[in-house]
Amino acid sequence: MALTKEKVLLEYARCVKDTSYALKTYLQTYDNTQSKYVPLKLFPDQEYLINDYDTFEENIALKYRQAGVSTVTSAWISKKLVTASKTKPEKILIIANKLDTSVEMASKIRAFMDQWPSWFGVDFSIEKNSQRHYKLTNGCEVKSVATSKDALRGYTPTILVFDEAAFIEADNDFWSACMASLSTGGKVIVISTPNGFDPIYYSIYDQCLRGMNDFKITEMFWYRDPRYAKDLKLIKCNDIVHYMLNREDYNDDEIIIEYGHISPMERNFEEIKSKFLEGYKPYSTWFEGMAKKLKFDRRKIAQELECNFLGSGDNVIPSDTVEKIKENFIVEPENKFMGGALWQWKEPVVGHKYIMGIDVSRGDSEDFTTFCIIDFDEREQVLEYLGKIPPDVAAEVAFKWATMYSAFVVIDITGGMGVSTARKLQEMNYKDLYVEGTNVADKWKYNPSTIEKIPGLNFNSKRVQIVASFEEALRHNFIVRSTRLMNELNTFVYVNGRPDHIKGQHDDLIMAMAMAIYVGENSFTKLEKVTDQTKAMMESWLVNETPVKNSSKEFNPGLPVMPANQYNHHRRIDGYTKKDYEDYGWLFGGNRR
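So, here is what we can say about the structure in this document. Along each chain, numbering runs from 1 in the same order as the chain's sequence is written. Predicted model: local features are reported for residues with pLDDT of at least 70 only, side-chain atom pairs are reported and counted for 80 or more only, and whole-chain, interface and lining totals are derived from all residues. With hydrogens and water excluded, all non-hydrogen atoms of the structure serve as input to the side-chain values.

A look at the overall build of the protein
The test is simple: Helix numbering and strand numbering both begin at the N terminus, where a helix is a DSSP run of H or I of at least 4 residues and a strand a DSSP run of E of at least 2. Between buried and exposed lies partly exposed: a residue is buried under 20% and exposed over 50% of the maximum accessible area for its type, with that area taken using a 1.4 Å probe on protein chains only. Every residue pair with non-hydrogen atoms within 4.5 Å of one another is taken to be in contact. Here the open area of atoms and residues is found with the Shrake-Rupley method and a 1.4 Å probe, where only the protein chains shown may cover a residue.
Scanning the protein for helices and strands turns up 21 helices and 21 strands. The buried share of the protein, reckoned over its 593 residues, is 51%. Here the analysis covers contacts within the protein between residues at least 6 apart in sequence; of these, 69% occur between residues at least 24 apart. Of the roughly 28,800 Å² of accessible surface on the protein, a fraction of 49% belongs to carbon and sulfur atoms.

Right under this line is the structure:
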């Protein structure tokens, strides 16, 4: 039955004022389970979402797969378009990592536009009417683009939508340009499933939690969705995937809380959330079905179903290792120097073996110069520097702290920046420098060519081995103290199969520590075995009148380390002097007299 003019005006006013009513009254969506169109129904989390869209200018939605967020967002946009005036039209820009993704949302908006009653008086314009970009007769526009520097060229949106924002491969400059386009007013909507600690989606979410931006977070969880949580259960276990795959190992009577008898609309979700702190995990037949489709892949489950940033990315360091470091090892430094650039947790302990890893930048680029000192005996980080200084200044700063800790120094000489630092340290007569290619298994063999080599390590040639050694050390409780390094771990991922940082993030501190650990494991550990063997051999040959000298196990074989180092005068070479080495080296295959 046709509405009278008065009723049309009343209905129009109600639709403008009450978005939820308008969407549920006039729009339909396709239901795959029924193979037909059904009225658009909104469950509570979706109601909260559209209310936040109406209320706040900047919105970010944290969602699981099949939450219906893209559908509801498209419906909300269609309502904004049909109720816009010609004097103040809406211009929608949809940005996604792939053009197909943004076009898909534009098509959803178009489909909803066709459903609004004719008395709204809005139709598609013949001026521009393509899948990617179309106009309406009231002057509104919808445009879909893929991520690029030219995405905003010639188009000033009033509503900017980032679809699957966590998967957009862009940096902070792109984000800044997008936000600048809204400087005269407008809304921004960011929606996605998590994808680790990406530079856009996670950064916005994290900064919002810390009160650093004006975004409103709308969190949506599958266990609050009445479609998927009809038979909701809470399972007390460490790993829900392990439970699903190994039910015979669990006693369900002792670990399950049933919620299936309570209507989803009547459940106390604050109570349910509190149970998570006690070790319970949400479960339903839908959840297990989705887990099967994902082949019980924990990373995919964290990403697609659990809205978990930590476990959802393709991180080099496993999420449980990162969480363990965060909970057990991270502490504030005891001292901060150089304007807060240098952090110190522990002062040097006499007799301990220390290693310094140095990663050098130009001092004027996006990368930082970093160095890290680890206590190899305690397997612990004791000092860290992060700043932008040129290579020669880096050598001077590193010299001071390496001397204080009597540290064995390894420098990344890939790209040439580290070469300047290494040569400067040599000029300053620092002797304990790692030289790549030396034979750590032959302690006594004199190799003068090591003095001529540039001290350091070509990181890129051994990148996989160094990162693997670093990951193994962290898994076996190597103690990381720094929050700065912890933040780099969150964004250290596999990029095309190669360990690297996410675009716009950094891994400089990781590189410094990874080199120190790698050299320690491959030099000191092997050296200790050789030293013990040599000591036993010497003891068997020496007579009682000649006491065996105590070994400090600090000698670095084949490296340009001199006991007369004026800056490390207290260091010794396994208890033996240089003269001992020269007098008896011929016994072990060295130069004969």
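Some thoughts on the sheet that holds strand S10 (residues 216-219)
Within a sheet, adjacent strands bond to each other through the backbone by hydrogen bonds, running parallel or antiparallel. Selection rule: At least two bridges found by DSSP between two strands are what make those strands a pair. Orientation is described by lines fitted to C-alpha atoms, with helices fitted over the stretch in contact, and by angles between N-to-C directions that extend from 0 to 180 degrees.
If you walk across this open sheet you meet the 8 strands as S5-S6-S7-S4-S8-S9-S3-S10, and the pairing is mixed. Each edge of the open sheet is held by one strand with a lone partner, namely strand S5 (124-129) and S10. Between one strand and the next, the sheet's axes are offset by a mean angle of 20°, whatever the strand orientation. As paired elements, strand S4 (residues 91-96) and strand S8 (residues 159-163) share 4 bridges and run parallel to each other.

Comments concerning the side chain of Asp198
Cut-off, in case you're wondering: Positive residues here are Lys and Arg, negative ones are Asp and Glu, while His and the chain termini are left out of the count. One speaks of a salt bridge when a side-chain nitrogen belonging to Lys or Arg is within 4 Å of a carboxyl oxygen belonging to Asp or Glu. For the purposes of these results, a polar contact is taken to be a pair of N or O atoms within 3.5 Å, where, inside protein, one atom must be able to donate a hydrogen and its partner to accept one; residues adjacent in sequence count only when each atom of the pair is a side-chain atom.
Of note, Asp198 is situated in the loop between strand S9 (187-192) and helix H7 (201-209). Buried and unpaired, Asp198 has Arg299 as its nearest opposite-charge partner, separated by 11 Å. Of the polar contacts made by the side chain of Asp198, one reaches the backbone nitrogen of Ile200; its length is 3.0 Å. Excluding residues that lie within four positions of it along the chain, Asp198 makes contacts with Ala165, Ala166, Ser203 and Ile502.

Some points on the pattern of salt bridges
For the coordinates displayed, the defined rule picks out 27 salt bridges. A salt bridge links Asp52 to Lys216, with the nearest nitrogen and oxygen atoms 3.2 Å apart. Note that Asp52 is positioned in helix H3 (residues 44-55) and Lys216 in strand S10, a separation of 164 residues in sequence. Looking at Asp52, the relative accessible area reads 7%, which means it is buried. When its relative accessible area of 27% is taken as the criterion, Lys216 is described as partly exposed.

Concerning the nonpolar core
Where a protein is soluble and globular, its nonpolar side chains tend to be buried together. Heads up, the condition is: Put simply, a nonpolar core is a bunch of buried Ala, Val, Leu, Ile, Met, Phe, Trp, Tyr and Cys residues held in one set by side-chain atoms that sit within 4.5 Å of each other.
Counting residues in hydrophobic clusters, the biggest one holds 101 residues, and the most contacted among them are Phe162 and Val190. Considering each element in turn, this core owes the most residues, 7 residues, to helix H4 (residues 69-82). The next biggest cluster of nonpolar side chains, apart from the first, holds 38 residues, and it includes Ile374, Leu386, Met513 and Ala514.

Some details on helix H14 (residues 319-328)
Heads up, the rule is: Along the arc lie the directions from the helix axis toward the C-beta atoms.
Taken residue by residue, H14 has Thr321, Val322 and Ile325 as its buried positions. Viewed along the axis of H14, the buried residues span an arc of 100°, placing them on a single side of the element. Away from the buried face of H14 by more than 90 degrees, exposed residues Asp320, Lys326 and Glu327 are located.

Details of the packing of aromatic side chains
Condition: Two rings belonging to Phe, Tyr or Trp (six-membered ring only in the last case) form a pair when the distance between their centres is within 6.5 Å. Interplanar angles under 30 degrees mark stacking, angles over 60 mark edge-to-face geometry, and anything in between is tilted. Two thresholds decide whether a charge sits over a ring: the Lys NZ or Arg CZ must be within 6 Å of the ring centre and within 35 degrees of the ring normal.
In this structure the tally under the stated criterion is 27 aromatic pairs. When the ring of Tyr12 is compared with that of Phe120, the centres are 5.5 Å apart and the planes differ by 50°; the resulting orientation is tilted. One end of the pair, Tyr12, is in helix H1 (residues 5-17); the other, Phe120, is in the loop between helix H5 (99-113) and S5, with 108 residues separating them in the sequence. Assessed through its relative accessible area of 28%, Tyr12 is described here as partly exposed. Relative accessible area serves as the criterion here: at 9%, Phe120 is assigned to the buried category. Each residue in the set Tyr64, Phe221, Trp222, Tyr223, Tyr228, Phe269, Phe276, Trp286 and Phe287 is aromatic and connected to the rest through ring pairs, giving one cluster. Positioned over the ring face of Tyr21 is Arg14, at 3.6 Å from the centre of the ring. A cation over a ring is seen here: Arg110 above Tyr134, with NZ or CZ 4.4 Å from the ring centre.

Quick notes on the sheet that holds strand S14 (residues 335-337)
Read across the open sheet, the 6 strands follow the order S14-S15-S18-S17-S16-S19; overall the sheet is mixed. Each end of this open sheet is capped by a strand with a single partner; those strands are S14 and strand S19 (408-411). Pairwise comparison of adjacent strand axes, ignoring direction, gives a mean angle of 15° for this sheet. Where strand S15 (residues 342-344) and strand S18 (residues 380-387) come together, 3 bridges link them in antiparallel fashion. Bridge pairing in S18 places Trp343 opposite Glu384. Sheet strands in contact with helix H16 (residues 417-427) are strand S16 (354-359) and S19, and its direction is about 150° off that of S19. Of the strands in this sheet, S15 and S18 are in contact with helix H19 (residues 483-490), which crosses S18 at around 80°.

Side note on the pairing of strand S11 (residues 233-236)
Here S11 pairs with strand S12 (residues 256-258) via 3 bridges, running antiparallel. Residue pairing for S12: Lys233 is matched across the bridge by Glu258. As paired strands, S11 and strand S13 (residues 280-283) are joined by 4 bridges and run antiparallel to one another. Of the residues in S13, the one forming a bridge with Lys233 is Tyr283.

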